[in-house]
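Remarks on the overall topology
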Amino acid sequence: MVGLRGVGAGHGVLRGGALLTAVIGDVYDRLGPRVVVAAGAVAMAAGVAALGVVTQPWQLYPAFLVMSMGWGSMSGAAINIILAPWFERRRGLAVSIAFNGATLGGVCIAPALIALIGAAGFTRALALAAVVLLVVLVAVAACVMGRGPEGRGLGPDGDSQGVVRADPSQGGAPGRRGDALRTWRFWSVSAPFALGLAAQVGVLTHMVALVTPRLGAGGAARAVSATTAAALIGRLATGFVVDRLDRRLVSSATLIIQIIGLGLLAWAPSVAVVYAGCALFAWGRQPDDAARSHSRRRVAAGKVRRARRARGRDQPIHVRLRAVLVGVLRDWTGAYGLALGACTLLQAVAAAMVLLGPGRTPSPVPGR
C-alpha cells in the first residue's frame, strides 16, 4: 500500500512541478537564476531529507509536494530559460549538452544512492544526499548564475552587446500571459511534442516490462543501459545539426526515427531486433530545443522576458499526458501491441504537425 501511494505521490511531483513551470519564466525574470536555483535546491533537499523520515503513507504527499517545487524550478523548462540569453546560433547544441548532463546525473547518482543506502541505511543516506545536493547547487548558483550576458557587456554567443541578429521568420514575441496560446506557432510546437512525449515517456516507463519476455531480466537491464547510451549519443548528435539545418525537419526526422524503433519493438523477431528497436527509439529522443528552439527570438532587451514566459507555458501540457497512455492500453488489452500502435500513431501525427508549422527556416551559423 505504501508503494502504491508512493507512486501516486510521485505523480503529484509531476503535477505540482508542471503547474510551477507554467509561471517559471516570470519567476526567473523577476528574481534571477541565482535566487530561483538556490531556492529550488533548498526545496529539493528538504523533500529528499523528509522522505527518509516518512513513517505513514500520507506523509509522502507533503514531502513530494516540497520536492515538486524544486523539480519545477530546475526542470527542462528552467534549463531552456537559463540558457536562452546566452546562446542563439548554437542554442540547440548548448541545450543538448545541458540535458545530457541531467541524464548522466541520473545514471550516476541513482546507483551511488542505492549503494549509500546499503551502507548507511535509508534515512542517513537520504539525509547525506540532501546535504550534498544543497551544498553543490547553492554553490553553483552563487558562483556561476550571477549576471546574464548583458550584465557583462555581451550579447548571445559572446557577441558584442550592440549586435542584434534579426530573425525574419519570427514575429513579435508574445508580451501578455496567454498571448502565446492564441498563436499557431505555439501550438504547432507544443501540441505535437505533447503527443510525442506522451508516447515517448510511456514506452520508456514500460521498457523493462516490454522487453523482459524476449530478453529476460538480465537482457532487459542491458537493454535499458543501451537505451540510455543511445539517448545520450542521439541527443548530442542532434544538437550538432539542429542549429545548422531546418529545425522542423530535424524534429520531424527524430520522431520518424522513434517510429522505426517502435516498429522494431513491436515486431521483435529476434533479440538483435529488440536491441536495435531500443537504440533507435532512444536515438530519436531529441533535446527539447530541437522542438522549441525553432520558436527562437532575437535576444535583445525586452525580448528575453517575453521569450522566457513562452518557454514555460507548454510544459504542463507535456507532463499531464506522460506515462498514462501505454499503461492504460496495456491493462485494457493484456498486451503491448495496441499500446505500441497508438504510440506510433501519435508520433506520426506529431511529426506531420511539426513539419507543417510556420517558420521553416534554417538557423544561421556564420561560416557554414
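Residues numbered from 1 in each chain as written. Predicted model: local features only at pLDDT ≥ 70, side-chain atom pairs only at ≥ 80, totals over all residues. Heavy atoms only, no water.

Broken down by element type, the protein carries 16 helices and 0 strands. Taking contacts inside the protein between residues at least 6 apart in sequence as the whole, the part at least 24 apart equals 80%. Looking at the protein as shown, the accessible area adds up to about 16800 Å², and 70% of this sits on carbon and sulfur atoms. (Helix = DSSP H or I, 4+ residues; strand = E, 2+ residues; numbered from the N terminus. Contact = heavy atoms within 4.5 Å. Areas by Shrake-Rupley, 256 points an atom, 1.4 Å probe, with all protein chains shown as cover.)

This paragraph deals with the packing of aromatic side chains. What characterises a pair of aromatic rings is the spacing of the ring centres plus the angle enclosed by the ring planes. One pass over the full model with this rule turns up 0 aromatic pairs. Just above the ring of tyrosine 336 sits the side chain of arginine 330; from NZ or CZ to the centre is 5.3 Å. (Phe/Tyr/Trp six-rings, centres within 6.5 Å; stacked < 30°, edge-to-face > 60°. Lys NZ or Arg CZ within 6 Å of the ring centre and 35° of its normal.)

Turning to the environment of valine 203, a few remarks are in order. The topology assignment puts valine 203 in helix 8 (residues 184-205). Once the C-alpha coordinates of valine 203 and leucine 325 are considered, the two residues, 122 residues apart in sequence, prove to be 9.0 Å apart. Apart from the residues within four sequence positions on either side, valine 203 is in contact with Leu210, Leu262, Phe281, Val326, Leu340 and Cys343.

A few words now on a nonpolar patch on the surface. Taken together, the side chains of Ile97, Leu236, Phe240, Val241 and Leu245 present a nonpolar region at the surface, about 410 Å² in accessible area. Among the elements that make up the nonpolar patch, the one with the highest residue count is helix 9 (residues 207-242) (3 residues). Tracing the chain through its elements places phenylalanine 240 in helix 9. (Patch = residues over 30% accessible without salt bridge, like charges linked within 9 Å, V, L, I, M, F, W, Y side chains within 5 Å. Salt bridge = Lys/Arg side-chain N within 4 Å of Asp/Glu carboxyl O.)

Let us look at the pattern of salt bridges. Pairs may arise between side chains of opposite charge once their charged atoms sit close together. All told, the structure shown has 2 salt bridges when counted by the stated rule. Between aspartate 243 and arginine 90 there is a salt bridge whose closest N-O contact spans 3.6 Å. Of this pair, aspartate 243 sits in the loop between helix 9 and helix 10 (247-267) while arginine 90 sits in the loop between helix 5 (76-83) and helix 6 (91-120), and the two are 153 residues apart along the sequence. Neither aspartate 243 nor arginine 90 differs from the other in exposure class; each is buried. Between aspartate 243 and arginine 247 there is a salt bridge; the shortest N-O distance is 3.1 Å. Under the relative-accessibility criterion, aspartate 243 is labelled buried at 0%. A relative accessible area of 2% means that arginine 247 is categorised as buried. Where salt bridges share partners, they join Arg90, Asp243 and Arg247 into one cluster. (Buried < 20%, exposed > 50% of the residue type's maximum accessible area, 1.4 Å probe, protein only.)

So, about helix 11 (residues 271-283). Look at helix 11: 18 Å from first C-alpha to last across 13 residues, which is about the 18 Å you get at 1.5 Å a residue. Looking only at helix 11, the buried set comprises Val273, Val274, Gly277, Cys278, Phe281 and Ala282. The arc enclosing the buried residues of helix 11, seen along the axis, measures out at 165 degrees, which places them on a common side. For helix 11, the elements touching its buried residues are helix 8, helix 9, helix 10 and helix 16 (337-356). (Expected span 1.5 Å × (residues − 1). Arc of directions from axis to C-beta.)

In this section: the nonpolar core. In this structure, Val203, Met207, Leu210, Val211, Leu265, Val274 and Cys278 are the most contacted members of the largest nonpolar core, which totals 21 residues. If you list the elements that add at least two residues to this core, you get helix 8, helix 9, helix 10, helix 11, helix 15 (325-333) and helix 16. Looking at this core, the element that brings in the most residues is helix 9, giving 6 residues. Beyond its immediate stretch of four places on either side in the chain, valine 274 contacts Val211, Arg214, Leu215, Leu265 and Ala268. Core analysis: the next-biggest nonpolar cluster, separate from the first, contains 10 residues, Val48, Phe64, Met67 and Ala130 among them. (Core = buried A, V, L, I, M, F, W, Y, C linked by side-chain atoms within 4.5 Å.)

The backbone of alanine 268 sits at a positive phi, close to 45 degrees, despite the residue not being glycine. Within the secondary structure layout, alanine 268 lies in the loop between helix 10 and helix 11. On the basis of relative accessibility, which here comes to 13%, the residue alanine 268 falls in the buried class.

This paragraph deals with the confidence of the model for the protein. Per-residue pLDDT for the protein averages 78, and the proportion of residues at 70 or more is 75%. For the protein, per-element mean pLDDT is lowest for helix 12 (residues 288-292), which scores 47, and highest for helix 7 (residues 122-143), which scores 94. Between residues 1-12, whose pLDDT stays under 50, and residues either more than four places distant or in other chains, the model counts 14 contacts. In this model, residues 166-174 is a region of pLDDT below 50 whose contacts with residues beyond four sequence positions or in other chains number 19 contacts. (pLDDT = per-residue confidence, 0-100.)

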